[in-house]
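# Observations on the three-dimensional arrangement
Single-letter residue listing:
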Amino acid sequence: MTSLSPTADRNPFAAALERLPFLPALLILVVLVVLNGWFEPNSLSYRAITGLVSTYLALMMLAIAQTYVVMAGDIDLSVGATLSLVNVVVIVLMERWGGGGGMVLLACFVGILTGLACGLINGLVVAALRLQAIVATFATSIFFTGVALYVLPVAGTPAPAAFWRTYGGRILEIPFVFWVVAALALLLVLLVRTRLTLQLLAVGDDAQGAFQSGLPVAAIRIKGYVLCGLFAALAALCITGDTASGDPLVGGKMTLYSVAAVVLGGSALSGGKGTVVGSLVGALIIGLINSLVFFVGTPSEWQNLVQGLAILIALMAGVFVGRRVGQ
Amino acid sequence: MTRLSAFAASVAAIALTASVAQADTFTIGLSNGWVGSEWRTQMIEEAQAAAAAWEEKGHTVNVVVQSANVDVPGQIAHVRNFISQGVDAIIINPNSPTAFDPVFAQAKEAGILVISTDAEVSSPDAIYVGIDQTAWGARGAEWLAETLNGEGKVVAINGVAGHPANEMRVAGYRSVFEQHPGIEVVNEVNANWDQAQGQQAMQNLLATYPDIAGVWVQDGMAAGAWKSIQDAGKTGDIAATGEIRKDFIDLWTSEGLNSGATVNPPGVMASALNVAVFMLEGRELKEPATAGQYGNAMYLPIPFIDSSNLAEAAAQLEGKPGHYSYTSALSIEDAEALFK
């Protein structure tokens, strides 16, 4: 992104890495795909890949959400809670309003508004009130979880069959989730071309400098959080499609996975460097690691340990490849 | 796309012929989404032992296990991994009652038998093989009402509010106590299935109601509650439900506690596995699994330990570690008796 860097003319690989910082992550992804295919050939079947995308689409969305705040040097520890809240809001509304097509769409729309509102609250707390992002969003995560528990106190309440059958089904012989991925790609391409992405990176790179050069830093950071809320809401719709039910705690464990995906994708938590594509790849890396741990036949009592180690190794490999190529 | 699906179809065809060629070999996937207690570890070990026992009957039952602390999407990934691997059956201790409907539908489409155990699921594409948690709650309450001769103040210490199993157990004991007008439930508290919280809750209850005669308490919290009862010097005056780990059974024996324990055996997964093998052989159940709130349950007998068979329970646990639970499971013969 920062094309003014002097390293650009050193060697072609370094230049490519400078423009596309997610290349090491992509390399790791390819290695993981090959390993998965090696240990379980079926894992590369059409059905298995559809399954992988259905399962991890929510994490991909959540990682993208996280990227927009990380770009500006912020963090959002409430993405998981936002996801849970949107999930229960959508489920409860669909139940109240009946499962008709129009009502389902309206419920999804209200869900997206809920996500935007959560993002706006975070943005105001962090950028306008100037509270430290990590603690402020930790606090709002507890608040959002509380609201989610109020909306739906117990996990359950099925989604209308039409809703999850669409998510798990096909349109024109192509799985619905692939259409979502295509729409997502289009949306991301459009967003990359907006000024906002560049402004977020500028703020993350040097907030003081950005301010002095006349950028409305607080407003930009708030926009980053609102965008984060939007994608967390989209992630919630994916979860709702894949689990067909409401759970006020469903996103809790996903927050740190989203941060991990962002970092695996080559973004810097300090801000100023990052791509949404990288985070998307990072989410897939996490998913493939989880499957690989099983496919290599890890005994059950070691599965958590090996999974943690594998994520660490992927992180180190990313740094290593980045340094090697960058020299 | 067409080439890909043609490829997938040929792969499926090969897989199909392979499984027909070796009809006596089954692969069963076990998924457990929470590893926070020894009970779950024991559950998986017993299921693995049950699979190994089929060797004597000339069957090869391979088990593949996925067991880790995962969220609901993580456990859905477990199921998808099993589908990719092409297992014949999946036995799952599910993290959610409703969230698996879509993925179980996909498993069924792939020709995989899905059985949930320990917690019921709403999916019409799965069956439940395990105990009826409502009956579990009722059994302890019946013992307590009998022991107290239908008279006295009772308190209840429950698990996690809103958890499906907890709600069923609560419904179970309430229905029993309602039939005994002499029993008065003076308070019901939640101690989140945590032994220390159970002990704390019991202390508070003893301080508030010095004249309670009975305690209905679940699982490991019972050991905590009994600790408080002993500390208060009321061991002889109070009857309270107990639990099934060796540590508690030993204490029960040595102190002569007035206790009775409803057993939720970790062997439920082993039972489910034996049922699964017969179903994979194409045998039909004498009574189809249609019980429970979702109409897909097959309930297993619930053992009960009281003073009359305490010595037997202690003997089963002889030489086991302190956290080991009293267990029971359908043997292969028991399971076969359920089929036509």
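Residues numbered from 1 in each chain as written. Chains lettered and ligands numbered in written order. Predicted model: local features only at pLDDT ≥ 70, side-chain atom pairs only at ≥ 80, totals over all residues.

The condition that has to hold: UniProt positions are given in the numbering used here, feature names are shortened, and annotations may be inferred rather than shown by experiment.
An unreviewed UniProt entry annotates chain B as ABC transporter substrate-binding protein originating from Neoaquamicrobium microcysteis. Per its UniProt entry, chain B bears the Subcellular location (unreviewed entry) comment "Cell envelope". The UniProt entry for chain B carries this comment under Sequence similarities (unreviewed entry): "Belongs to the bacterial solute-binding protein 2 family."

Named according to an unreviewed UniProt entry, chain A is ABC transporter permease originating from Neoaquamicrobium microcysteis. In its Subcellular location (unreviewed entry) section, the UniProt entry covering chain A states "Cell membrane".

## Overview of the overall build of chain A
Put simply, the test is: Runs of E in the DSSP output that reach at least two residues are strands. Runs of H or I that reach at least four are helices, and both are numbered from the N terminus. Radius of gyration: over C-alpha atoms. The globule rule applied is 2.2 Å multiplied by the number of residues raised to the 0.38 power. Note on contacts: residues are paired as contacts if their backbone-placed C-beta atoms lie within 7 Å.
Tallying secondary structure elements over chain A gives 14 helices and 4 strands in all. Against the globule reference of 20 Å for 327 residues, chain A gives a C-alpha radius of gyration of 20 Å, in line with a compact fold. Considered along the principal axes of its C-alpha atoms, chain A spans approximately 60 × 50 × 40 Å. For chain A, the proportion of contacts with a sequence separation of at least 24, taken over those separated by at least 6, is 78%.

## Observations concerning the interface of chain B and chain A
Stated formally: Under the grouping applied here, Gly and all other residues not named as nonpolar or charged are polar, the nonpolar ones being Ala, Val, Leu, Ile, Met, Phe, Trp, Tyr, Cys and Pro and the charged ones Asp, Glu, Lys and Arg.
Listed per partner, the contact involves 31 residues of chain B and 34 residues of chain A. For the side of chain B that touches chain A, the secondary-structure elements that each account for two or more residues are helix 1 (2–21), strand 2 (60–67), helix 3 (72–85) and helix 4 (101–109) of chain B. Take the side of chain B that touches chain A: its biggest share by element is 9 residues, from helix 3 of chain B. Partitioning the side of chain B that touches chain A into residue classes produces 15 nonpolar, 13 polar and 3 charged.

## What about the sheet that holds strand 3 (residues 89–93) of chain B?
Residue and element names in this part refer to chain B. Inclusion rule: Two strands qualify as a pair provided DSSP detects at least 2 bridges between them. Axes here mean lines fitted to C-alpha atoms, for a helix over just the part in contact, with angles spanning 0 to 180 degrees between N-to-C directions.
As summarised here, the arrangement of the 6 strands in space is 2-1-3-4-5-11, forming an open sheet in which the pairing is parallel. Each of the sheet's edge strands pairs with one partner strand only, and the pair in question is strand 2 and strand 11 (297–299). Here the strands of the sheet are splayed against their neighbours by 25° on average, with no regard to which way each runs. Where strand 1 (residues 25–32) lies against strand 2, 8 bridges are found, and the strand directions are parallel. Of the residues in strand 2, the one forming a bridge with leucine 30 is valine 65.

## Observations regarding the nonpolar core
In plain terms, the rule: Each nonpolar core reported here comprises buried Ala, Val, Leu, Ile, Met, Phe, Trp, Tyr and Cys residues connected via C-beta atoms within 7 Å. Exposure classification rests on a simple neighbour count of other C-beta atoms within 10 Å of a residue's own: a residue reaching 20 or more is buried, one at 12 or fewer is exposed, and one in between is partly exposed. C-beta atoms are placed from the backbone.
Ala235(A) and Ile285(A) are the most contacted members of the largest nonpolar core, which has 157 residues in total. Considering each element in turn, this core owes the most residues, 16 residues, to helix 11 (residues 217–243) of chain A. Ile285(A) has contacts with Ala25(A), Ile28(A), Leu29(A), Leu32(A), Leu264(A) and Ala314(A), leaving out every residue within four places of it along the chain. In this structure, Ala145(B), Ala191(B), Leu205(B) and Met221(B) belong to the second largest nonpolar core, which totals 42 residues.

## Let's talk about the domain arrangement of chain B
Residue and element names in this part refer to chain B. Here is the rule: Where each domain starts and ends follows an automatic or database-derived domain assignment.
In terms of domains, chain B is made up of domain 1 (2–131 + 266–302 + 327–336) and domain 2 (133–262). One C-alpha centre belongs to domain 1, the other to domain 2; they are set 34 Å apart. Every contact between the two is made by 4 residues of domain 1 and, on the other side, 7 residues of domain 2. Within the side of domain 1 that touches domain 2, the residues separate by chemical class into 4 nonpolar, no polar and no charged.

## Looking at the sheet that holds strand 9 (residues 239–241) of chain B
All names here are of chain B. Read across the open sheet, the 6 strands follow the order 7-6-8-9-10-12; overall the sheet is mixed. In this open sheet, the two edge strands, each paired with only one partner strand, are strand 7 (183–190) and strand 12 (304–305). Relative to strand 7, strand 6 (residues 152–158) is paired through 7 bridges, and the arrangement is parallel. Looking at strand 7, one finds that lysine 153 is bridged to glutamate 184.

## Observations regarding the environment of Lys340(B)
Residues and elements named next belong to chain B. As for its placement among the helices and strands, lysine 340 is situated in the segment after helix 12 (332–336). Put simply, lysine 340 and glutamate 287 are 53 residues apart on the chain and 8.9 Å apart in space, counted from C-alpha to C-alpha. In this structure lysine 340 touches Arg283, Glu284 and Lys286, once residues within four positions along its chain are discounted.

## Brief notes about helix 12 (residues 254–264) of chain A
Counting buried positions along helix 12 of chain A gives 10 out of 11 residues, so the element sits mostly inside the fold. A positive backbone phi angle near 95° is found at Gly266(A), which sits one or two residues after helix 12 of chain A.

## Comments concerning the pairing of strand 10 (residues 259–262) of chain B
All names here are of chain B. Worth spelling out the cut-off: Looking down the strands as they point away from the viewer, one classifies a crossover as right-handed if the path from the first strand across the helix to the second runs clockwise.
Residues Ser259 and Ala261 point to one face of strand 10 and Gly260 and Thr262 to the other, with burial holding for every one of them. In terms of strand pairing, strand 9 meets strand 10 through 2 bridges, oriented parallel. Bridge pairing links alanine 240 to serine 259 in strand 10. The parallel pair strand 9 and strand 10 is bridged by helix 9 (residues 246–255), and the resulting crossover is right-handed. When strand 10 meets strand 12, the two strands line up antiparallel, connected through 2 bridges. Bridge pairing links threonine 262 to phenylalanine 304 in strand 12.

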